[in-house]
Amino acid sequence: MNGFPALLDLTGRPVLVVGGGPVAARRARSLADAGADVLVVAPEISTEISALGVRTRPRPFEAADLDGVWLAMACTDDGAANSAVSAAAEQRRIFCVRADAATEGTARTSAIARHDGLTVAVNGGDDPLRAVALRDAIAAALDTGDLPSRRARRGPGGHVALVGGGPGDPELITVRGRRLVAEADVVVVDRLAPRALLEGLPADVEVIDCGKSAHRQNLTQAEINAVLADRALAGKRVVRLKGGDPFVFGRGGEEWRACVAAGVPVSVVPGLTSAIAAPAAAGIPLTHRGLAADFTVVSGHLDPGRPADEGIDWPGLAAHGGTLVLLMAMERLDLIAKELIEHGKAPDTPAAVVHSATLPEQQVVRARLDEIAAAARRAQIGAPAVVVVGAVVDVLG
Ligand SMILES: C[S@@+](CC[C@H](N)C(=O)[O-])C[C@H]1O[C@@H](n2cnc3c(N)ncnc32)[C@H](O)[C@@H]1O
């Protein structure tokens, strides 16, 4: 059939569903969801249908059931009964969908996906499974942002989403994060965010790059805070795309506060932190029955020689039996290892450096704690890297 696709406004309009089983229940539910005034006619009405709260007549179909109806659905498991419904509907010029034999009806239903105000309806010729397969693929691609569904701007209100991009592999961002990136007007991106996602952005999306090298930020934190607020106040959908999780050594809290102070709506999308992803990518479980029941994540950014540094309790960490995970520690790895050993950590405690985890250039170096810094130097690996210290490092071989 070379049909004509149309979206019916059924709000408040009487529609008829003939049948009392699961197919009739599905159709009755979607018609009710569309606001139709649904009447279900069948000798036996299932509890599923009764629970919908639609009108029911527990008896066989009569032609008069079609009086005043805009659309009919023949959904019994009896071909002859469905035929009778569709013939009676045809006589009254009422469109009728047949659940048992689509080609025999005068209308067909579509496989439907709804996404952020969009309705996608797919018809698969005479093969409903084709339509369902295509509908599912489209729905998944809309969810991930692989298919653009950029919403036209509604009103002046902008907002900021602090999106955790995961450790670097573009497949390790959340579905929501990916979708927000695809819908953004402005993306303010960190060096360690999954930058591969930027390649697919439309040309009119403003990309503001905050970091070019390991040690240099293009913009100060105050400038980043200002640009987020500025663009959102101009009505833009702003995504602050960060590496890992925004709230794990990501200064997401400061950006959140800056948005609130500027009166800008802000939300956070959690990300897979490198503290967990990097060890996993190197085959290191952070906890393992009998070896480590907990793990501690610490910034190695500050000099461990200074006792007041960010309240990091190096003697306590050295004494603790759990796994230690260090971020931003490469510059001071010698000092940190020395400090841990001086406070009682065994020099032969297994340790690993995971560089550029989840990216094609990922490298892993394993050594004893007292040799790990030298081993990393020999391998010429530095930041970005996550350091893991503890017996779990070698547990999977
Ligand atoms: C400023 S912190 C940001 C952490 C981030 N918010 C997170 O949750 O992963 C930067 C540090 O994260 C670590 N890091 C981030 N991505 C990494 C990766 N792909 N491989 C290894 N380490 C990474 C490194 O220790 C790096 O110096």
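If you're wondering where the values come from, they're calculated on a predicted model, not measured in any experiment. (Residues numbered from 1 in each chain as written. Predicted model: local features only at pLDDT ≥ 70, side-chain atom pairs only at ≥ 80, totals over all residues. Heavy atoms only, no water.)

## Section: a nonpolar patch on the surface
Turning to step 1, where the next piece is worked out: A surface patch of nonpolar side chains, amounting to about 530 Å² of accessible area, comprises Leu 172, Phe 249, Leu 272, Ile 276, Phe 295, Val 297 and Met 328.
Turning to step 2, where the next piece is worked out: Among the structural elements, Phe 249 can be located in the loop between β11 (237-242) and α7 (252-261). (Patch = residues over 30% accessible without salt bridge, like charges linked within 9 Å, V, L, I, M, F, W, Y side chains within 5 Å. Areas by Shrake-Rupley, 256 points an atom, 1.4 Å probe, with all protein chains shown as cover. Salt bridge = Lys/Arg side-chain N within 4 Å of Asp/Glu carboxyl O. Helix = DSSP H or I, 4+ residues; strand = E, 2+ residues; numbered from the N terminus.)

## Notes on the site of the ligand
Turning to step 1, where the next piece is worked out: Surrounding the ligand, one finds 17 residues, the nearest of these being Pro 167, Val 248, Thr 273, Ser 274 and Ala 385.
Turning to step 2, where the next piece is worked out: Within the backbone of Pro 167, a nitrogen or oxygen atom sits 2.8 Å from a nitrogen atom of the ligand.
Turning to step 3, where the next piece is worked out: Ser 274 is positioned such that a nitrogen or oxygen atom in its side chain is 2.7 Å from an oxygen atom of the ligand.
Turning to step 4, where the next piece is worked out: Contact with the protein chains hides 89% of the accessible area of the ligand, taken as 560 Å² for the molecule alone.
Turning to step 5, where the next piece is worked out: Residues belonging to the shell around the ligand are distributed by class as follows: eleven nonpolar, five polar and one charged.
Turning to step 6, where the next piece is worked out: Both domain 2 (159-272) and domain 3 (275-394) contribute no fewer than three residues apiece to the shell around the ligand. (Near = heavy atom within 4 Å. Polar contact = N/O pair within 3.5 Å; in protein donor to acceptor, adjacent residues only side chain to side chain. Nonpolar A, V, L, I, M, F, W, Y, C, P; charged D, E, K, R; others polar. Domains from an automatic or database assignment.)

## Concerning the packing of helix α6 (residues 221-233) against α7
Turning to step 1, where the next piece is worked out: Two elements in contact, α6 and α7, have axes whose closest approach is 9 Å; the angle formed by their N-to-C orientations is 45°. The pairing of α6 with α7 is recorded here as oblique in orientation. The interaxial crossing formed by α6 with α7 has right-handed handedness. Here α6 contributes Gln 221, Ile 224, Asn 225 and Leu 228 to the contact with α7, which in turn contributes Glu 254, Glu 255, Ala 258 and Cys 259.
Turning to step 2, where the next piece is worked out: Of the residues assigned to the contact of α6 with α7, the class counts are four nonpolar, two polar and two charged. (Axes fitted to C-alpha atoms, helices over the stretch in contact; angles between N-to-C directions. Parallel < 35°, antiparallel > 145°, perpendicular 65-115°, else oblique. Left-handed = near helix turned anticlockwise from the far one by under 90°. Contact = heavy atoms within 4.5 Å.)

## What to know about the nonpolar core
Turning to step 1, where the next piece is worked out: One finds Trp 314, Leu 326, Leu 340, Val 353, Ile 372 and Val 387 to be the most contacted residues of the largest nonpolar core, which totals 26 residues.
Turning to step 2, where the next piece is worked out: Counting only elements with at least two residues in this core, the list comes to α9 (314-319), β14 (323-327), α10 (333-342), β15 (350-355), β16 (363-368), α11 (372-378) and β17 (385-389).
Turning to step 3, where the next piece is worked out: If near-sequence neighbours (up to four positions away) are discounted, Val 387 is found in contact with Leu 324, Val 325, Leu 326, Ala 329, Met 330, Leu 333, Ala 352 and Val 353.
Turning to step 4, where the next piece is worked out: In this structure, Ala 28, Ile 49, Val 54 and Val 97 belong to the second largest nonpolar core, which totals 17 residues. (Core = buried A, V, L, I, M, F, W, Y, C linked by side-chain atoms within 4.5 Å. Buried < 20%, exposed > 50% of the residue type's maximum accessible area, 1.4 Å probe, protein only.)

## Here we look at the environment of Arg 135
Turning to step 1, where the next piece is worked out: Here Arg 135 lies in helix α4 (residues 128-144).
Turning to step 2, where the next piece is worked out: With 23 residues separating them along the chain, Arg 135 and Ile 112 place their C-alpha atoms 6.6 Å apart.
Turning to step 3, where the next piece is worked out: With residues near it in sequence (within four places) discarded, Arg 135 still touches Ala 111, Ile 112, Ala 113 and Val 122.

## Points about the sheet that holds strand β10 (residues 206-209)
Turning to step 1, where the next piece is worked out: One open sheet holds the five strands; their spatial order is β10-β9-β11-β8-β12, and the pairing between them is parallel. A single partner strand is all that each edge strand has here, and the edge strands are β10 and β12 (266-269). Strand-to-strand twist in this sheet, taken as the mean axis angle between neighbours without regard to direction, amounts to 20°.
Turning to step 2, where the next piece is worked out: Bridge count for strand β9 (residues 186-189) against β11 is four bridges, and the pairing is parallel. By the bridge assignment, Val 188 is partnered in β11 with Arg 240.
Turning to step 3, where the next piece is worked out: Of the strands in this sheet, β8 (159-164), β9, β10 and β11 are in contact with α6, which crosses β11 at around 150°.
Turning to step 4, where the next piece is worked out: Packing against the sheet, α7 makes contact with β8, β11 and β12, and its axis sits at approximately 160° to β12. (Pairing = 2+ DSSP bridges.)

## Remarks on the domain arrangement of the protein
Turning to step 1, where the next piece is worked out: Segmenting the protein into domains produces domain 1 (14-109), domain 2 (159-272) and domain 3 (275-394).
Turning to step 2, where the next piece is worked out: Spacing between the C-alpha centres of domain 2 and domain 3 amounts to 28 Å.
Turning to step 3, where the next piece is worked out: The partner domain 3 presents eleven residues to the eight residues of domain 2 that form the contact.
Turning to step 4, where the next piece is worked out: Taking both partners together, domain 2 and domain 3 bury about 780 Å²; carbon and sulfur atoms supply 78% of that area.
Turning to step 5, where the next piece is worked out: Seen at the junction of domain 2 and domain 3, the total is one residue pair in polar contact (both at pLDDT 80 or more).
Turning to step 6, where the next piece is worked out: Across the side of domain 2 that touches domain 3, the residue classes tally to five nonpolar, two polar and one charged. (Buried area = accessible area lost by both parts, 1.4 Å probe.)

## Quick look at α4
Counting along an α-helix, one turn takes 3.6 residues, and residues three or four places apart therefore face a common direction.
Turning to step 1, where the next piece is worked out: The first and last C-alpha atoms of α4 sit 25 Å apart over 17 residues, in line with the 24 Å expected at 1.5 Å per residue.
Turning to step 2, where the next piece is worked out: Of the residues making up α4, those classed as buried are Ala 131, Arg 135, Ile 138, Ala 141 and Leu 142. Buried residues of α4, seen end-on, are gathered within an arc of 130° and therefore sit on one face of the element.
Turning to step 3, where the next piece is worked out: At its buried positions, α4 is contacted by β6 (111-115), β7 (118-122) and α5 (175-183).
Turning to step 4, where the next piece is worked out: Of the residues flanking the end of α4, it is Gly 145, one or two places downstream, whose phi is positive at about 90°. (Expected span 1.5 Å × (residues − 1). Arc of directions from axis to C-beta.)

## Focus on the sheet that holds strand β1 (residues 14-18)
Turning to step 1, where the next piece is worked out: Strand order in the open sheet formed by five strands is β3-β2-β1-β4-β5, and the pairing between neighbours is parallel. Since the sheet does not close on itself, it has two edges, and those belong to β3 (55-57) and β5 (95-98), each with one partner. Between one strand axis and the next, the sheet turns by 20° as a mean value, whatever way the strands run.
Turning to step 2, where the next piece is worked out: Pairing between strand β4 (residues 71-74) and β5: four bridges, direction parallel. Within β5, the position partnered with Met 73 by the bridge is Val 97.
Turning to step 3, where the next piece is worked out: Each of β1, β4 and β5 is contacted by helix α3 (residues 79-91), which is oriented at about 165° to β5, the strand it contacts most.

## Things to note about the state of the cysteines
Turning to step 1, where the next piece is worked out: Enumeration over the complete set of coordinates arrives at zero disulfides.
Turning to step 2, where the next piece is worked out: Here Cys 96 is not cross-linked by a disulfide; its sulfur's nearest cysteine counterpart is in Cys 75, at 8.4 Å.
Turning to step 3, where the next piece is worked out: Accessibility expressed as a relative area gives 1% for Cys 96, which makes it buried.
Turning to step 4, where the next piece is worked out: Cys 259 takes part in no disulfide bond, and the closest cysteine sulfur to it belongs to Cys 210, at a distance of 13 Å.
Turning to step 5, where the next piece is worked out: The class for Cys 259 is buried, based on a relative accessible area of 1%. (Disulfide = S-S within 2.5 Å.)

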